[in-house]
Structure formats: C-alpha cells, structure tokens
Amino acid sequence: MPNSYTQIHIQFVFAVKYRAALIENEWEERLHQYITGIFQANKHKMLQINSMPDHIHIFIGMRPHQSISSHIQNVKTESSKWIKEQNLCAQPFAWQEGYGAFSYSKSQVPDVIRYVKNQKSHHQKETFLDEYRKC
C-alpha cells in the first residue's frame, strides 16, 4: 500500500513531581503553547490541552512515526527545561516519572476535548464533593 492512513487519538496525563502544585495560572497558558509547539514540531495534532496546578492533560491526534514513550519523555524533558530557563517556578520543577496514555475512537473525540477543556470545573466539583463527604 503506497499510502498509510491512521486515526490515533490519545489523551496523556502526567503529574508534577510529588504532585506538587507548581503550575501557576500566570504562566500555564505559555506552558500549554510551548508543549503544543513540541507536538506540532513532531507532526502530531493538538486537539486540547489543559492543566491543574499539579498535573496536565493533553489530547492529540498522533502520527505513528514515533513511539508514545519516547515522545512523552521528550515533551516532559523539554518542557521542564523550558520552565527552568524561563524562571517560571520559584521551586525546582520536574515532572513525575510515568504517565497515563488513553486511546479513543473518533466518535469519542468531542467528549474527550470537552473533558480536557473543563478540567478546572471538573476538579472543583471533586474538591467540593471531597469536602462534603468529610461533614
């Protein structure tokens, strides 16, 4: 077959080392743009990216020319180096080892985009429920 066709949709989730809440609102958009640039430079399509202070969600259309593990290692290395070079974090910044990678069918793409986009409200609900359960 002379041409290849793939349709691979992957959501990545990985955390700041020790789940420290180091990603600040003031620079998270710049971090998202930087990470998006890494994916785009490697010919992957960014579908949605969002973060919380202690972790990040990335949803992409992935081309099969790279392995997931090597690409995520590159993203984590380059982004943590960039955070340090930009002096964005008062404390030493590093991503935790490991990551989650979850695949989705084309029909699920809109729902996953919405889920990643709404991380902040999703986590606010979790926090409220956790506090409510303590009462």
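This is a predicted model, so every value here is computed, not measured.

J.: Could you clarify how one ought to interpret unusual backbone geometry in this entry?
T.: Backbone geometry at Lys 43 places phi at a positive 70 degrees, although glycine is not the residue there. Here Lys 43 lies in the loop between α1 (25–41) and β2 (45–52). Despite not being glycine, Asn 87 has its phi angle at roughly 50 degrees, a positive value. Among the structural elements, Asn 87 can be located in the loop between α2 (68–85) and β4 (100–104).

J.: Can you walk me through helix α3 (residues 109–117) in this structure?
T.: Quick reminder: α-helices carry 3.6 residues per turn. Residues three or four places apart thus point the same way. Residues Val 109, Val 112 and Val 116 constitute the buried set of α3. Buried residues of α3, viewed axially, fall in a sector of 65 degrees; they line one side.

J.: What is the right way to read the side chain of Gln 11 from this model?
T.: As for its placement among the helices and strands, Gln 11 is situated in strand β1 (residues 8–15). Among the polar contacts made by the side chain of Gln 11, one reaches the side chain of Tyr 104 at a distance of 3.0 Å. Apart from the residues within four sequence positions on either side, Gln 11 is in contact with His 57, Ile 58, Phe 59, Gly 100, Ala 101, Phe 102, Tyr 104, Val 112, Tyr 115 and Val 116.

J.: In this structure, what is going on with the packing of α1 against α2? I would like to understand it.
T.: Pairs of packed helices are described in terms of their axes, by the angle between the two and the distance that separates them. For the pair α1 and α2, interaxial distance at closest approach is 10 Å and the crossing angle is 140 degrees. With respect to each other, α1 and α2 are oriented oblique. Between α1 and α2 lies a crossing whose hand is right-handed. Of the residues in α2, those in contact with Trp 27, Arg 30, Leu 31, Tyr 34, Ile 35, Ile 38 and Phe 39 of α1 are His 71, Ile 72, Asn 74, Val 75, Glu 78, Ser 79, Trp 82 and Ile 83.

J.: Explanation requested: the pattern of salt bridges in the structure shown.
T.: Once the charged atoms of two side chains with opposite charge are near each other, the side chains can pair. Within the structure shown, the criterion is met by three salt bridges. Arg 19 is the salt-bridge partner of Asp 54, the closest N and O atoms lying 3.1 Å from each other. Here Asp 54 is found in the loop between β2 and β3 (55–62), whereas its partner Arg 19 is found in the loop between β1 and α1, with 35 residues between them in sequence. A salt bridge links Glu 78 to Lys 81; its shortest N-O distance comes to 3.4 Å. Here Lys 81 and Glu 78 lie together in helix α2, a separation of three residues that amounts to about one turn. Overall, Lys 81 belongs to the partly exposed group, its relative accessible area being 38%.

Rules of the game
- Residues numbered from 1 in each chain as written.
- Predicted model: local features only at pLDDT ≥ 70, side-chain atom pairs only at ≥ 80, totals over all residues.
- Heavy atoms only, no water.
- Helix = DSSP H or I, 4+ residues; strand = E, 2+ residues; numbered from the N terminus.
- Buried < 20%, exposed > 50% of the residue type's maximum accessible area, 1.4 Å probe, protein only.
- Arc of directions from axis to C-beta.
- Polar contact = N/O pair within 3.5 Å; in protein donor to acceptor, adjacent residues only side chain to side chain.
- Contact = heavy atoms within 4.5 Å.
- Axes fitted to C-alpha atoms, helices over the stretch in contact; angles between N-to-C directions.
- Parallel < 35°, antiparallel > 145°, perpendicular 65-115°, else oblique.
- Left-handed = near helix turned anticlockwise from the far one by under 90°.
- Salt bridge = Lys/Arg side-chain N within 4 Å of Asp/Glu carboxyl O.

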